[in-house]
Amino acid sequence: MTAPDAELIIARWIAPVEPDNVVLENHGIVLAGDRILAIGPAEGLIQDWPHARRTVLPNHLLTPGFVNLHTHAAMALLRGTGDDLALERWLRERIWPLEARLLSEQFVFDGSVLACAEMLRSGITCFNDMYFFPESTVQAAQLFGMRVAVAMVVLNFPTPWASGPDEYLRKGLDVRDRLRDTARVHFTLGPHAPYTVSDPTLREIAKLSAELSLPIHIHVQETATEVAESLARHGRRPLVRLAELGILGPETIAVHAVHLDAADIALLKQYGVHVAHCPHSNLKLASGIAPVAALNAAGVPVGIGTDGSASNNRLDLLAEARTAALLVKGTSGDATLWPAHQTLRAMTLTGAKALGLEAEIGSLTVGKCADIVAFDLDDPALLPVTDPVAHLIYAAGREHVSDVWLAGRPVVQKRQLLDPTTNRVLHEVAGRAGLWQTPK
Ligand SMILES: [Zn+2]
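Residues numbered from 1 in each chain as written. Predicted model: local features only at pLDDT ≥ 70, side-chain atom pairs only at ≥ 80, totals over all residues. Heavy atoms only, no water.

Caption draft 1: The overall build of the protein chain, seen in detail. Looking only at helices and strands, the protein chain has 15 helices and 16 strands in total. Relative to its length of 440 residues, the protein chain is compact, with a C-alpha radius of gyration of 21 Å against a globular reference of 22 Å. On the principal axes, the C-alpha backbone points of the protein chain span a range of 65 × 50 × 40 Å. Of the accessible surface of the protein chain, which amounts to about 16400 Å², a share of 53% is contributed by carbon and sulfur atoms. If the 38 positive side-chain charges of the protein chain are averaged to one point and the 48 negative ones to another, these points end up 3 Å apart. (Helix = DSSP H or I, 4+ residues; strand = E, 2+ residues; numbered from the N terminus. Rg over C-alpha atoms; globule rule 2.2 N^0.38 Å. Areas by Shrake-Rupley, 256 points an atom, 1.4 Å probe, with all protein chains shown as cover. Lys, Arg positive; Asp, Glu negative; His and termini not counted. Charge placed at Lys NZ, Arg CZ, Asp CG, Glu CD.)

Quick look at the structure:
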């Protein structure tokens, strides 16, 4: 068979995620254009595709690109500016005042470029972002060729991006109108959190979500204080209020969901809500630990996010996934929960489904977009390779990412970004980032 631009990647192991719990050994993947054209035993593919450009990865595991289900990419520039504080003080005393002073198109572009470089070299090929000046985040993602879902963020107070809820929505929708047909760019409605958005605005967002078929990306029940304040102010828990306002549904991505009671979990299940679990941010801000075992038992889908660099402080989904797996075992007393394949699924296909993108990404399947990561397992820390997926989750790190393909295009090889333009812009941004050191 021939396809003019076909590339055949042969790897020692492939974890396709679909079908579940499978590791293919000495197999290959044929890419043509931005798609996966074939997957099969290496020998057969070499015979069938003799003219395809060939990449041989003899010690490597291929997985689908990771989906970072919650981040604020541009906050890379605020990394290290508010450490060792609980969420309320972190937001009110550090982050919001800094953002009020610093936010601009340039700030968001520069922060997003740094974040994209970090994420891509960590195996993340798609990220679900919530921040201001979203067009600048899209520009950064496009520089690398990454897939992004940007939120039309809404808050009830002004920032340099917008003056209030109406302007946030209008500007967000304007950006969507301009960019909606752009490849690999997606949009969500982004009411920041139940405590920063009013009832009428949440109702309006629910209406827009239904009219425009847009996912809703919202922080929910991150801290005990948030739940207590909601009970005091609204007489109900945040999720109950969101359900009444029409915000909950299968298109909703509830970020954090740390402080849940049994009724909350039942609500999430009833409405088909997806959860974005961000364990490092929750631990670092001392918010708590999300009840993932109970969510699992109820059948609520849980994907994984890094949150922003100011509260994590790494955009490292593999590390996040390892912590998620260890926490669910440790807190439940059941070591069989979240086995390695399920953890890999949470950081790929579950994230893709939460964004409504499972037809495009999330598994290495014929017809899907070729977003692929290769991990080089030839490292004393990983030998012998008894179970490559278990090694990936429990022993490997992002330093083992060797190659990345975005939409069939090699963008990272031997840990280096290939594109000279991307490298030039990254270098310029890194130079400018010196200006942001120790913002007061
Ligand atoms: Zn967040």
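Moving on from the coordinates now.
Caption draft 2: Broad picture of the coordination of the zinc ion. Donor atoms from the polypeptide that coordinate the zinc ion comprise His70 (NE2), His72 (NE2), His219 (NE2) and Asp307 (OD), at 2.1 to 2.4 Å from the metal. Taken together, the four donor atoms coordinating the zinc ion span angles of 86 to 171° at the metal, a pattern that classifies the geometry as irregular. In primary-sequence terms, the residues that donate to the zinc ion follow H-x1-H-x146-H-x87-D. Linking His72 in the loop between strand E5 (66-71) and helix H2 (87-102) with His219 in strand E9 (residues 216-220), this pair joins segments that are 147 residues apart in sequence. Assessed through its relative accessible area of 8%, His72 is described here as buried. Among the residues examined, His219 registers a relative accessible area of 4% and is labelled buried. (Donors = N, O, S within 2.8 Å, 3.2 Å for Na, K, Ca; no water. Tetrahedral: all angles 85-135°; square planar, octahedral: opposite > 155°, others 65-115°. Buried < 20%, exposed > 50% of the residue type's maximum accessible area, 1.4 Å probe, protein only.)

Caption draft 3: Region of interest: the environment of Leu78. Tracing the backbone shows Leu78 in the loop between E5 and H2. In the structure, Leu78 is positioned 33 residues away from Gly111 in sequence and 8.4 Å away in space, judged by C-alpha atoms. Setting aside anything within four residues of it in sequence, one finds Leu78 in contact with Ile95, Leu98, Glu99, Leu102, Phe107, Tyr131 and Ala310. (Contact = heavy atoms within 4.5 Å.)

Caption draft 4: Spotlight on the environment of Ser363. Position of Ser363 relative to the elements: it lies in the loop between helix H13 (340-354) and strand E13 (372-376). When its relative accessible area of 2% is taken as the criterion, Ser363 is described as buried. Linking Ser363 and Glu7, residues 356 residues apart in sequence, is a C-alpha distance of 18 Å. Once you skip the residues sitting within four places of it in the chain, Ser363 turns out to touch Pro16, Val17, Glu18, Pro64, Leu349 and Lys368. A distance of 2.6 Å separates a polar atom in the side chain of Ser363 from a polar atom in the side chain of Thr365. Polar side-chain contacts of Ser363 include one of 2.8 Å to the side chain of Lys368. (Polar contact = N/O pair within 3.5 Å; in protein donor to acceptor, adjacent residues only side chain to side chain.)

Caption draft 5: Here's a closer look at the packing of helix H3 (residues 105-120) against helix H15 (residues 420-433). For the pair H3 and H15, interaxial distance at closest approach is 10 Å and the crossing angle is 120°. Relative to H15, the element H3 lies oblique. Judged by the sense of rotation from one axis to the other, the crossing of H3 with H15 is left-handed. Residues Gln106, Phe109, Asp110, Val113, Leu114 and Ala117 of H3 form the contact with H15, whose own contacting residues are Val425, Leu426, Val429, Ala430, Arg432 and Ala433. Grouping the amino acids of the contact of H3 with H15 by side-chain chemistry returns nine nonpolar, one polar and two charged. (Axes fitted to C-alpha atoms, helices over the stretch in contact; angles between N-to-C directions. Parallel < 35°, antiparallel > 145°, perpendicular 65-115°, else oblique. Left-handed = near helix turned anticlockwise from the far one by under 90°. Nonpolar A, V, L, I, M, F, W, Y, C, P; charged D, E, K, R; others polar.)

Honestly, that's just the spatial picture; any functional story needs more than this.
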